[in-house]
Amino acid sequence: MKEHILQLENLSHVYSQGTPFELTAVKDINITIDKGEVIGIIGHTGSGKSTLIQHMNGLIKPTSGRVLLEGEDIFSSKEATKRVRSRVGLVFQYPEYQLFEETVYRDIAFGPKNLKLSEKQIDERVRYAARFVGISEELFEKSPFDLSGGQKRRVAIAGVIAMMPDVLVLDEPMAGLDPAGCRDIMNNLMSYHDETGSALIIVTHSMETAGEFAKRMIVMNRGTVAMDGTPEEIFSRGRELRQMGLNVPTMTMLKDALSERGIELPGTIYTVEQMKKALEERMGGGSRA
Amino acid sequence: MAAVLKDITLGQYFPGNTVVHRLDPRTKIIMVVFYIISLFSAKTYVSYCFMAIVLFTVIKLSKIPGKTLIKSVKPLVIFIGITGVLNMFYTPGQELLRFWIFKITKEGIIKGILMVSRIIMLVMGTFMLTYTTSPIMLTDGLESLLAPLKVIKVPVHELTMIMSIALRFVPTLIEETEKIMNAQKARGAEFDTGGLIAKAKALLPVLVPLFISAFRRADELAVAMESRCYHGGEGRTKLKRLKLMARDYGALCCGVLVMTTIFVLRSRGL
């Protein structure tokens, strides 16, 4: 039996209500997130992804609808809203731009300090979080502004991990990084998930990443949830994805291209591994006969 | 807080395609000067009513919603209120009411009302300029109008360029501030609790990244401008050249007419 940790109920948000600039960013969203889930949120620019995730830790209040953390409305009281900030960690896009402290250590410690933990606990958490993102302790006394782009990003993510959230939400954590950097960060995040059992929600435009790591994908389109299911289910609806201006993973495209030329491969394919297996099976059985 | 920042409508441009929008920015700037002179030359309620009609006509022509205009005056309510009250008390004349050392006179009430309407009309009138003119057009117009000052070595082009860049980056920086505040809030920062010192201290995690990003943007902008061979105003041409049309001359004539009317009214003691 899975336990729900976060529920969004009939959530809608309208910006600048009652002015000529009124804009409905998300409408009628219903999402239930279980403990320890890994979810990829995909959507075109302006599909409401960022608005959606900012509801998850109470940064914006829904115009209508509710956000429940373990069954409790996070806007029911000021304390509840405060509590959700430490339970649901949110890493914004380009988080390195929010670094401000004199040293890496103190920047990572900012979150735990706001939680009013003891010096010892803060120290533990800083070391713990730094280990997860691969920041060695030699860097602790350096200024975060002297680090490389990738390292800055890690420090910023560590700043949120140090709050030890039960749900970690990241908005495009790989934007602007090279492929090796992307892989490292994804592996770091997955090991945080594996070790702590916390839920991981990653907003990305990379179908490959989402398909590879997420067990569940949510596709946003024009402020609504267009699809919600396993990567297999999502990628089997390639035509709809393209209509929303989204792409399917390269391997799925390859499969479709092959099928146009009369080479049918079974099942849904979205990773190189799956493609390799399917091709080997086909070549091993079909072509020699 | 985020919502508050977004609601600042100080001099926001409202795109449109009305006669007022299409007027040359120079015409509009000169018209505002005429308008201000007329407004300050108005003496009695007759002239004020006339100016109100002029303002109302321009508002109607520009199709700017009245709600927005009223909102633009809102931040000045206290200032306007104080002006009104002071005028009410400190104008000598026929006494209507007296308590302690204060006395309200009939002349005071009239003067107070006129002063309040003068300020409101002044604010609304000048806002009409920024509501109907895009910042770029506005600075282009200023640059062209101030061009004669180049003779006495005033760096007109540089000053207007600074102005347009500053105007351009106000919304960007507001957006940036909101983003950083949200990011720090996500790490448990609080901006609205504690005393004054606690609040000031809480702003540090916002100000440091904001300054860094402002400098970064300035750097990037400088590089972008240089790589487009920007080297000041010398010999620089414009994509949209300002050209006075028939409607501009018409508008200027109307402006002169309004001013003359006010002067005539004034000379008659109205």
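Every chain begins its residue count from 1, and numbering advances along the sequence as written. Chain letters start at A and ligand numbers start at 1, both assigned in the order the entries are written. Only residues with pLDDT of 70 or above have their local features reported here, since the model is predicted, and side-chain atom pairs are shown and tallied only from 80 upward, although totals for entire chains, interfaces and linings are computed over all residues. Computation of side-chain values: all heavy atoms of the structure, hydrogens and water removed.

### Description of the domain arrangement of chain B
An automatic or database domain assignment is the source of the domain bounds shown. In terms of domains, chain B is made up of domain 1 (1–133 + 243–270) and domain 2 (157–236). Summarising the inter-unit geometry, the C-alpha centres of domain 1 of chain B and domain 2 of chain B are found 33 Å apart.

### Focus: the sheet that holds strand β2 (residues 23–34) of chain A
Residues and elements named next belong to chain A. Strands were regarded as paired on the criterion that DSSP finds at least two bridges between them. Runs of E in the DSSP output that reach at least two residues are strands. Runs of H or I that reach at least four are helices, and both are numbered from the N terminus. Sheet architecture is open: four strands sit in the order β2-β1-β4-β5, paired in antiparallel fashion. At either margin of the open sheet sits one strand with a lone partner, and together these are β2 and β5 (72–73). For strand β1 (residues 4–15) and strand β4 (residues 64–69), the ladder comprises five bridges, and the chain directions are antiparallel. Across the sheet, Leu 6 pairs through a bridge with Leu 69, a residue of β4.

### With respect to the packing of aromatic side chains
Stacked, tilted and edge-to-face pairs are distinguished by plane angle, under 30 degrees for stacked and over 60 for edge-to-face with tilted covering the rest, among Phe, Tyr and Trp rings (Trp via its six-membered ring) whose centres lie within 6.5 Å. A complete count under the given rule lists nine aromatic pairs over all chains for this structure. Centroid distance A:Phe100 to A:Phe110: 4.9 Å. Interplanar angle 85°. Geometry classified as edge-to-face. Of this pair, A:Phe100 sits in the loop between β6 (88–91) and α3 (104–114) while A:Phe110 is found in helix α3, placing the two residues ten residues apart along the sequence. Taking the relative accessible area as the measure of exposure, A:Phe110 reaches 11% and is therefore buried. A centroid spacing of 5.3 Å and a plane angle of 85° characterise the contact between B:Phe14 and B:Tyr131, whose relative ring orientation is edge-to-face. Of this pair, B:Phe14 sits in the loop between α1 (2–6) and α2 (19–22) while B:Tyr131 sits in helix α7 (residues 106–132); the two residues are 117 residues apart in sequence, bridging distant segments of the chain. To sort residues, take the accessible area from a 1.4 Å probe on protein chains only and compare it with the maximum for the residue type: under 20% means buried, over 50% means exposed, and anything in between is partly exposed. Looking at B:Phe14, the relative accessible area reads 10%, which means it is buried. Taking the relative accessible area as the measure of exposure, B:Tyr131 reaches 0% and is therefore buried. Clustering of aromatic rings is evident, with ring pairs tying together A:Tyr128, A:Phe132 and A:Tyr192. A ring has a charge above it when a Lys NZ or an Arg CZ is no more than 6 Å from the ring centre and no more than 35 degrees off the ring normal. A cation over an aromatic ring shows up here: B:Arg168 above the ring of B:Phe169, its NZ or CZ 4.9 Å from the ring centre.

### Quick word on the side chain of B:Asn87
Relative to the assigned elements, B:Asn87 resides in helix α6 (residues 77–90). Pairs of residues are marked as contacts when any of their non-hydrogen atoms sit within 4.5 Å. When near neighbours in sequence (up to four residues on either side) are disregarded, B:Asn87 contacts B:Gly108, B:Lys111, B:Gly112 and B:Met115.

### Some words on the domain arrangement of chain A
We note that the domain assignment places domain 1 (1–91 + 166–179 + 191–232), domain 2 (99–164) and domain 3 (249–289) within chain A. Of note, the centres of domain 2 of chain A and domain 3 of chain A, computed from C-alpha atoms alone, are 45 Å apart.

### Side note on unusual backbone geometry
Residue and element names in this part refer to chain A. Phi at Asp 28 is positive, roughly 50°, even though this residue is not glycine. Note on Asp 28: relative accessible area 56%, which makes it exposed. Although it is not a glycine, Met 164 adopts a positive phi angle of roughly 50°. Along the chain, Met 164 falls in the loop between α5 (149–161) and β7 (167–171).

### Digging into a nonpolar patch on the surface
All names here are of chain B. A contiguous nonpolar patch, built from Leu 96, Leu 97, Phe 99, Trp 100, Ile 101, Ile 109 and Ile 113 and spanning about 790 Å² of accessible area, is present on the exposed surface. Looking at the nonpolar patch, the elements that each hand over two or more residues are β1 (95–99) and α7. In terms of residues, the nonpolar patch owes the most to one element, β1, which gives three residues. Following the sequence through the fold, Leu 96 ends up in strand β1. Nonpolar side chains (Val, Leu, Ile, Met, Phe, Trp, Tyr) are joined into patches within 5 Å and like charges within 9 Å, using only residues with over 30% relative accessible area and no salt bridge. Using a 1.4 Å probe, accessible areas were evaluated by the Shrake-Rupley method; residue-level cover was limited to the displayed protein chains. Salt bridges are identified by distance alone: a Lys or Arg side-chain nitrogen within 4 Å of an Asp or Glu carboxyl oxygen.

### Quick word on the pattern of salt bridges
Residue and element names in this part refer to chain A. According to the stated counting rule, one finds 23 salt bridges over all chains in the structure shown. Between Arg 127 and Asp 123 there is a salt bridge, with its nearest N and O atoms 3.0 Å apart. Linking Arg 127 with Asp 123, this pair stays in helix α4 (residues 119–132), spanning four residues, or about one helical turn. Note that Arg 242 and Asp 256 form a salt bridge whose closest N and O atoms lie 3.8 Å from each other. Taken together, the residues Arg 242 in helix α9 (residues 238–243) and Asp 256 in helix α10 (residues 250–260) connect sequence positions 14 residues apart. By relative accessible area, Arg 242 is classed as partly exposed at 42%. Where salt bridges share partners, they join Glu 3, Lys 35, Glu 70, Arg 87 and Asp 166 into one cluster.

### Here we look at the interface of chain A and chain B
Taken together, the contact between chain A and chain B spans 21 residues of the former and 18 residues of the latter. As a working definition, buried area equals the accessible area (1.4 Å probe) given up by two parts on being put together, with both sides summed. Interface of chain A and chain B: buried area, both sides summed, is about 1900 Å²; carbon and sulfur atoms make up 61% of it. The largest per-residue losses of area from chain A upon contact with chain B belong to A:Tyr97, A:Gln98 and A:Phe100, which jointly make up 28% of the total buried on that side. Put simply, chain A and chain B have two salt bridges between them. A salt bridge links B:Arg187 to A:Asp107, with the shortest nitrogen-to-oxygen separation between them at 3.1 Å. Between N or O atoms, a polar contact is any pair within 3.5 Å; within protein, one atom must be a potential hydrogen donor and the other a potential acceptor, and residues adjacent in sequence are included only when both atoms are from side chains. On the surface where chain A and chain B come into contact, there are five residue pairs in polar contact (both at pLDDT 80 or more). Elements with a contribution of two residues or more to the side of chain A that touches chain B: α2 (78–87), α3 and α5 of chain A. A total of four residues in the side of chain A that touches chain B trace back to one element, the largest contributor, which is α3(A).

### Describing helix α6 (residues 179–196) of chain A
Residue and element names in this part refer to chain A. The span one expects for a helix is its residue count, reduced by one, times 1.5 Å. Compared with an ideal rise of 1.5 Å per residue, which puts 18 residues at 26 Å, α6 spans 26 Å between its outermost C-alpha atoms and is within 8% of the ideal. The secondary structure elements touched by the buried residues of α6 are β3 (38–43), α4, α5, β7, β8 (199–203) and α7 (207–213). Just downstream of α6 lies Gly 197, where phi reads positive at about 70°.

### Section: the nonpolar core
Residues and elements named next belong to chain A. Put simply, buried Ala, Val, Leu, Ile, Met, Phe, Trp, Tyr and Cys residues joined by side-chain atoms within 4.5 Å make one nonpolar core. Counting 52 residues, the largest nonpolar core has Ile 108, Leu 168, Leu 189 and Leu 241 as its most contacted members. Looking at which domains feed residues into this core, each of domain 1 (1–91 + 166–179 + 191–232) and domain 2 (99–164) supplies at least three. The contact partners of Leu 189, leaving out residues within four places of it in the chain, are Ile 157, Leu 168, Leu 170, Pro 173, Leu 200 and Ile 202. Counting residues in hydrophobic clusters, the runner-up holds 31 residues, among them Leu 59, Phe 75, Val 88 and Leu 90.

### Side note on the packing of α6(B) against α7(B)
All names here are of chain B. Between N-to-C directions, angles cover 0 to 180 degrees, with each direction set by a line fitted to C-alpha atoms, over the stretch in contact for helices. Between α6 and α7, the least distance of the axes is 7 Å, while the angle of their chain directions is 155°. As the angle between them shows, α6 and α7 are arranged roughly antiparallel. Considering how the two elements wind past one another, α6 and α7 form a crossing that is right-handed. Between α6 and α7, the contacting residues are Phe 79, Ile 80, Thr 83, Gly 84, Asn 87 and Met 88 on the first element and Gly 108, Ile 109, Lys 111, Gly 112, Met 115, Val 116, Ile 119 and Ile 120 on the second. Each residue gets one of three labels, nonpolar for Ala, Val, Leu, Ile, Met, Phe, Trp, Tyr, Cys and Pro, charged for Asp, Glu, Lys and Arg, and polar for the others, Gly among them. The residue inventory of the contact of α6 with α7, partitioned by class, reads eight nonpolar, five polar and one charged. What sets the label is the angle itself: under 35 degrees gives roughly parallel, over 145 gives roughly antiparallel, 65 to 115 gives roughly perpendicular, and the rest give oblique. Here a crossing is taken to be left-handed if its near helix is turned anticlockwise relative to the far helix by less than a right angle, and right-handed if that turn runs clockwise.

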